[in-house]
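# A structural walkthrough
Chain residues, written in single-letter form:
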Amino acid sequence: MSESGTKSLRKPLRFWGWGYANEDLHPEEHAMIETVTKMFVPEGVVEIEPPKVEDFDLPASRLPAIPEHLSDIISTTPYDRLVHSYGKSYADMARMLMREVPNPPDAVAFPRTEDDIQQLFRYASENNIALIPFGGGTSVCGGVEPDVGDTYQATISVDMENLNQILEIDPVSRRARIQAGIKGPDLEQQLKQHGLTLRHYPQSFPFVSLGGMLATRAGGHFATVYTHIEDMVEATRLVTPKGIIETRALPGSGAGPSADRMICGSEGTLGIITEATMRL
Ligand SMILES: Cc1cc2nc3c(=O)[nH]c(=O)nc-3n(C[C@H](O)[C@H](O)[C@H](O)COP(=O)(O)OP(=O)(O)OC[C@H]3O[C@@H](n4cnc5c(N)ncnc54)[C@H](O)[C@@H]3O)c2cc1C
């Protein structure tokens, strides 16, 4: 029952921790936990049942009437709200295990196009709603948490999962124009067919999105040289409440301030990154 009504098209995520809802630890991992527990907590541990959606009494959604053209992409189901309540830090998981979710998003939007995002901004501006971009939800610093204070009427987590295509590949210049919601493994798998790679592997790789990596200025396993994500950006496209910012895709530029450098690391505060041209 727990994932019923979701408008997400992806394999259901575990809302209270890392991974997918139907996954479990391998027997060897269970055995390792037992060994470590015996070593460090000889008196034994208190086991907590994994939470179920039904365990949570979420505050009612404060979203005003949803316009018809957005109703297909906005969900207020408890499962969708829980998946988008926290990132994946230790504190996030601890609060889930304690069934403490005082600030779930009032709704979750799953835009399919950039136009949907612009419509969401219009609706949000008219109704004083905070939009919070959500890529893979692997943030460890509260970046996706809808705790925005009392100044907004409501919050909507904007899940980018459907903007997940590579739009253009230029094998000669070794670059590609890529939608921001694509997940790390899907991106690498599609680039590999062209003999190319972004070569950016944060430890959270299985779940991260391109937009999330850009918005957090992610660094990866190969971060000794060219693996800070901003070093691989040629251009970005950002939808803001005031319109679209798009930078020119150039192999390099020394002219003027770099808007890409401003957008990288903006953590969703300036707008929603919808695509980027990346060096491969
Ligand atoms: C186990 C684990 C390992 C990790 N390892 C690393 C690592 O090696 N290197 C590293 O740098 N980080 C690491 N992280 C942190 C995290 O994975 C990164 O910050 C990652 O880049 C976040 O990507 P995401 O798609 O999950 O973004 P989310 O968590 O969904 O979002 C992160 C922030 O970006 C904003 N955002 C998301 N998408 C967009 C968009 N399209 N437009 C505008 N803003 C957006 C969100 O609002 C939020 O503020 C790790 C986290 C975990 C849990």
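Treat the numbers as computed from the prediction; the structure is a model and nothing was measured.

### Describing the overall build of the chain
Along the chain, the regular secondary structure elements total eight helices and nine strands. With the C-alpha coordinates aligned to their principal axes, the bounding extent of the chain is approximately 65 × 50 × 30 Å. Taking all 280 residues of the chain together, 45% fall into the buried category. Excluding contacts between residues fewer than 6 apart, the proportion of contacts in the chain whose partners are at least 24 apart in sequence is 70%. Per element, the accessible surface of the chain, about 15000 Å² overall, is 53% carbon and sulfur. Side chains of the chain carry 25 positive and 38 negative charges; the gap between the two charge centres is 6 Å.

### Let's talk about the side chain of Asp92
Turning to its location among the elements, Asp92 is positioned in helix H4 (residues 90-97). Separated by 3.2 Å, the side chain of Asp92 and the backbone nitrogen of Gly87 make a polar contact. Contacts of Asp92, omitting those with residues within four sequence positions, involve Tyr86, Gly87, Ser139 and Glu145.

### With respect to the pattern of salt bridges
Under the definition given, this model contains 15 salt bridges. The residue Asp106 makes a salt bridge to Arg62 at a minimum N-O spacing of 2.7 Å. Of this pair, Asp106 sits in the loop between H4 and strand S2 (107-109) while Arg62 sits in the loop between helix H1 (27-40) and helix H2 (68-71), placing them 44 residues apart in sequence. Assessed through its relative accessible area of 2%, Asp106 is described here as buried. Beyond isolated ion pairs, a larger network of salt bridges with shared partners links Arg10, Asp159 and Glu161.

### Some words on the pairing of strand S6 (residues 175-179)
For strand S5 (residues 166-170) and S6, the ladder comprises four bridges, and the chain directions are antiparallel. Residue pairing across strands places Asp170 opposite Arg175, the latter belonging to S6. The loop that links S5 with its antiparallel partner S6 comprises four residues; one of these, Arg174, has a positive phi angle of about 50 degrees.

### Points about the pairing of strand S4 (residues 154-159)
Taken residue by residue, a regular strand's side chains alternate between the two faces of the sheet. With six of its six residues buried, S4 lies for the most part within the structure. Going residue by residue along S4, you find Ala154, Ile156 and Val158 tucked away on one face and Thr155, Ser157 and Asp159 tucked away on the opposite face as well. Where strand S3 (residues 129-134) lies against S4, six bridges are found, and the strand directions are parallel. Its bridge partner lying in S4, Ala130 is registered against Thr155.

### Points about the packing of aromatic side chains
Tallied over the full model, the rule gives four aromatic pairs. Centre to centre, the rings of Trp18 and Phe207 are 5.0 Å apart; their planes meet at 75 degrees, and the pair counts as edge-to-face. Of this pair, Trp18 sits in the segment before H1 while Phe207 sits in the loop between helix H6 (184-192) and helix H7 (210-216), and the two are 189 residues apart along the sequence. Through a chain of ring-to-ring contacts, three or more aromatic side chains come together here, namely Trp18, Tyr20 and Phe207. Its end group placed over the ring of Tyr20, Lys11 keeps NZ or CZ at 4.2 Å from the ring centre.

### Observations concerning the domain arrangement of the chain
One can read the domain layout of the chain as domain 1 (68-159) and domain 2 (166-279). Computed over C-alpha atoms only, the centres of domain 1 and domain 2 are separated by 22 Å. On the domain 2 side, the residues contacting the twelve residues of domain 1 number 15 residues. Carbon and sulfur atoms make up 69% of the surface buried where domain 1 meets domain 2, a total of about 1100 Å² over both sides. On the domain 1 side of the interface with domain 2, the three residues burying the most area are Glu114, Phe121 and Pro133, jointly 44% of the side's total. Inspection of the domain 1/domain 2 interface yields one salt bridge. Put simply, Arg237 and Glu114 hold a salt bridge, and the shortest N to O gap is 2.6 Å. Partitioning the side of domain 1 that touches domain 2 into residue classes produces five nonpolar, six polar and one charged.

Calculation notes
Residues numbered from 1 in each chain as written. Predicted model: local features only at pLDDT ≥ 70, side-chain atom pairs only at ≥ 80, totals over all residues. Heavy atoms only, no water. Helix = DSSP H or I, 4+ residues; strand = E, 2+ residues; numbered from the N terminus. Buried < 20%, exposed > 50% of the residue type's maximum accessible area, 1.4 Å probe, protein only. Contact = heavy atoms within 4.5 Å. Areas by Shrake-Rupley, 256 points an atom, 1.4 Å probe, with all protein chains shown as cover. Lys, Arg positive; Asp, Glu negative; His and termini not counted. Charge placed at Lys NZ, Arg CZ, Asp CG, Glu CD. Polar contact = N/O pair within 3.5 Å; in protein donor to acceptor, adjacent residues only side chain to side chain. Salt bridge = Lys/Arg side-chain N within 4 Å of Asp/Glu carboxyl O. Pairing = 2+ DSSP bridges. Phe/Tyr/Trp six-rings, centres within 6.5 Å; stacked < 30°, edge-to-face > 60°. Lys NZ or Arg CZ within 6 Å of the ring centre and 35° of its normal. Domains from an automatic or database assignment. Buried area = accessible area lost by both parts, 1.4 Å probe. Nonpolar A, V, L, I, M, F, W, Y, C, P; charged D, E, K, R; others polar.

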